[in-house]
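Per-entry structural report
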Amino acid sequence: MPDPLAEMAALGDHWKGPSPAKVPRIMLRIRHVAIAAALLCSSASLQAQSIADLTGLTALKKRLGAANTPTGANVLTSITEAPGPGHLPDPNNAEFAGKTFINMSPGTGISGHATVVGQHYFGTLTSISPGVTSMHCYEAGHFLSSGYLNGTGITPPKVVPWKISNNSWISTGNAITALRKFDGESELAALMFIGGVNNGTGALDSTLMALMYNGLAVGRSDGQHKAGFTSGVGSDGPGRIKPELVAPAGATSFSTPLVSSECAVLVQTARTHPALVGNPEAERNDTLKAVMMAGATHRAGWTNNAPTSGPARGATSQPIDLLWGADQINVNKSHWILTGGERDGAATIGQATTTLHAAWDSETILSSGSLWWRFEVEALKPYVSIVANWNRRVTTNYGAWSLPDLSLELWRVDALGQPQSLVGDAGLAHFSSGNVRSTSSADNIEHLYVRDLQPGSYALELRRATDALPGWLASVAWEFQCPEATLYGTGKVSSLGTTPVLDAKGIPSLAQDSWALLVSNAVPSVNGLAFYGTAAGSMPFFGGTLWVAPPLQRLPITTTDATGAVEIPVAIDPTWVGQERFFQFWFRDPTHPDGTTVGLSSAVQVRFCP
């Protein structure tokens, strides 16, 4: 009987050894300002597993491992509800085991709406952040008056312990001062206010909380929500675009807490990840907003109306889609961006150094000034997503506010280190579609979304117009997509009747250094090894198929566990960056009826990025 390990070794020079319901409406009166509020309720929510898949939670667990996936633990949150008739989630709901509800408002009634919102916000099965255990609960009218905001006078809002405020209710009427107070607290206390737009279609028809500058407005992934440009009626600033993000639930009431839930995961990450701990900028509201928007999944047909030809090709003054905003939340991508750490920009392109392909910065920018970051693109990038975000500042009496005008642009860098425009015909050879320049004069966000960016040297510029304002803190977050591994081929059916599968976890990034192969459905408790090459193959091999073309290199011998699975860390060699590798797993199968004693998995194809 041949020895399979010896057979593998006999490949000689081909092996190079180990390598590296109806909705009530209520009227809330705050210091003579009438605000009509309504629950943002509609159809039932999606199933938990679908939510996990669609929001990137499943991918995050796969990349990090379930035990290492942040859950929002120790992040204090708040939930504000219009009475229906009560405002509290049902503490007896099975998804709220171990949760503490701190009632901040008069009344102890249970709200079915609040319960479903809570399931999407911090529920153990439905949410993205099941580790959130402490919730401060407000009734909307009380929240806007003595409970938190202290009305529309000059008395500032109360000091609160929570970080994230979920608002699955809407209001109409003149809310200018209330919006200024909320924006002021976002800036001063680094709080994140997240509110839904109304259900239905057509123009925006609500003010609080969706029309904040410094908060996040949320719509539905099916597009059945109010959207578009703000009118400025009842709020400051016409011409801004809302919502900024969408999430996959059957009502904006329930999509909104999914975004709050993602935010909780990122806040925990900012407080505990080695690359972020001790850096308060990582959990500022403007940083989190930029990271969440940059990491969003843009659907086919997403557009910010950049011209596709002519001298303005690639330039737009509309940073996000009029319906989808930056589009659907993806906690996996946003987590990758956030954990890339803060990467400082430079005042000139000559001073900028090459930086990571997924990261962020929070930096002060001066009037007439710029900030620059350099990127070396090793291979075609299916997409590049970059978001700049900055807060408006409000005076202490809430009588005025200010905001600088920033723009964002991606440049090609020539051999002399000088920036060359990608707008117009100059960009035809370098990207297929999207925008490389974003110049909104109304929004406090700018967004570049570039498809099929070709290899080369690039520079990102955040530019500020001339004004009389002081230095301003702005956050920029970016992702130059690192393609995920592709699975191909079929494994050889084992002696147990299983079909072995090779998969991968992590992002194949040299900077992350956390990529691994995952074997499943192999024979339990046997030796095996992964091998790789530079091309795909398809040839008979030990009764199965060799899916990798020789010459081959192998990784160290490993042993499957009692379920026939094993995780194999792969140390990425710097020389692999920009190149493809093809992997397969070989293992002992002593009782295989074909007599070869060999098992083979399916295969994985991957291109590594910096």
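Since this is a predicted model, take the numbers as computed values, not measurements.

1. Overview of the overall build of the protein
Of the regular secondary structure elements, the protein holds 9 helices and 36 strands. By the compact-globule yardstick of 25 Å for 610 residues, the protein fits well, its C-alpha radius of gyration being 26 Å. Judged by the C-alpha coordinates and their principal axes, the protein covers about 90 × 65 × 40 Å. For the protein, the residues scored as buried account for 60% of the 610 residues in total. As displayed, the protein has an accessible area near 21,400 Å², and 55% of this comes from carbon and sulfur atoms. Each charge class in the protein was averaged separately, 39 positive and 46 negative side chains, and the resulting centres sit 5 Å apart.

2. So, the sheet that holds strand β28 (residues 516-520)
Two strands in a sheet stick together by hydrogen bonds in their backbones, pointing the same way (parallel) or opposite ways (antiparallel). Strands sit in the order β27-β28-β34 across an open sheet of 3 strands; the sheet is antiparallel. Among the strands making up the open sheet, the edge pair consists of β27 (501-505) and β34 (566-569). The sheet shows a mean angle of 25 degrees between the axes of neighbouring strands, direction not considered. Of the pairings in the sheet, the one linking β27 to β28 comprises 5 bridges and is antiparallel in character. Within β28, the position partnered with L502 by the bridge is V519. Running over the sheet, helix α3 (residues 57-64) touches β27 and β28 and is turned about 95 degrees from β27.

3. Considerations on the side chain of D589
Structurally, D589 is set in the loop between β35 (580-588) and β36 (598-607). Of the side chains bearing the opposite charge, K492 lies closest to the buried D589, which forms no salt bridge; the N-O distance is 6.3 Å.

4. Here's the deal with the state of the cysteines
Two cysteines whose sulfur atoms are joined by a covalent bond form what is called a disulfide. As enumerated under the stated definition, the model contains 1 disulfide in all. Each sulfur of the disulfide joining C482 and C609 lies 2.0 Å from the other. For the disulfide bridge between C482 and C609, the dihedral angle about the S-S bond is near -105 degrees, and by the sign convention the bridge is left-handed. Of the two residues, C482 is situated in the loop between β25 (472-480) and β26 (486-488) and C609 in the segment after β36; the sequence distance between them amounts to 127 residues. The same class applies to C482 as to C609, namely buried. Note on C137: no disulfide assigned, nearest cysteine sulfur contributed by C263 at a separation of 18 Å.

5. Things to note about the packing of aromatic side chains
Within this structure, the stated rule accounts for 29 aromatic pairs. Pairing Y148 with F193 gives two aromatic rings, centres 6.2 Å apart and planes at 45 degrees, and the pair type is tilted. One end of the pair, Y148, is in the loop between α5 (140-147) and β6 (164-167); the other, F193, is in strand β8 (residues 192-196), with 45 residues separating them in the sequence. With a relative accessible area of 1%, F193 lands in the buried category. Here the aromatic rings of F375 and W478 are separated by 5.6 Å at their centres, their planes lie at 80 degrees, and the arrangement is edge-to-face. Of this pair, F375 sits in strand β15 (residues 370-377) while W478 sits in strand β25, and the two are 103 residues apart along the sequence. Of the two residues examined, F375 and W478, each falls in the buried class.

6. Remarks on the pairing of β35
Most of β35 sits out of view: 7 of its 9 residues are buried. Here strand β29 (residues 527-533) pairs with β35 via 6 bridges, running antiparallel. The residue bridging L529 from the neighbouring strand is W586, located in β35. Sheet topology places β35 next to β36; 8 bridges connect them, and they run antiparallel. Bridging across to β36, E580 finds its partner in R607.

7. Remarks on the environment of D344
When you line up the elements, D344 lands in the loop between α9 (331-339) and β14 (358-365). With relative accessibility at 57%, the residue D344 sits in the exposed group. Remark: the alpha-carbon pair of D344 and S362, spanning 18 residues in sequence, is separated by 7.8 Å. Not counting the four nearest positions on each side in its chain, D344 is found in contact with D361, E363 and W373.

8. Focus: α9
Counted residue by residue, α9 has 9 buried out of 9 residues, so it is predominantly covered. Within the sequence span of α9, burial applies to V331, N332, K333, S334, H335, W336, I337, L338 and T339. Tucked into the core, α9 has its buried residues touching α3, α7 (252-272), α8 (285-294), β14, β16 (381-390) and β25. Two or three places before N332, at the start of α9, stands the capping residue N330, its side-chain oxygen 3.1 Å from that residue's backbone nitrogen.

Analysis parameters
Residues numbered from 1 in each chain as written. Predicted model: local features only at pLDDT ≥ 70, side-chain atom pairs only at ≥ 80, totals over all residues. Heavy atoms only, no water. Helix = DSSP H or I, 4+ residues; strand = E, 2+ residues; numbered from the N terminus. Rg over C-alpha atoms; globule rule 2.2 N^0.38 Å. Buried < 20%, exposed > 50% of the residue type's maximum accessible area, 1.4 Å probe, protein only. Areas by Shrake-Rupley, 256 points an atom, 1.4 Å probe, with all protein chains shown as cover. Lys, Arg positive; Asp, Glu negative; His and termini not counted. Charge placed at Lys NZ, Arg CZ, Asp CG, Glu CD. Pairing = 2+ DSSP bridges. Axes fitted to C-alpha atoms, helices over the stretch in contact; angles between N-to-C directions. Contact = heavy atoms within 4.5 Å. Salt bridge = Lys/Arg side-chain N within 4 Å of Asp/Glu carboxyl O. Disulfide = S-S within 2.5 Å. Phe/Tyr/Trp six-rings, centres within 6.5 Å; stacked < 30°, edge-to-face > 60°. Polar contact = N/O pair within 3.5 Å; in protein donor to acceptor, adjacent residues only side chain to side chain.

By themselves, these figures tell us nothing about what the structure is for.
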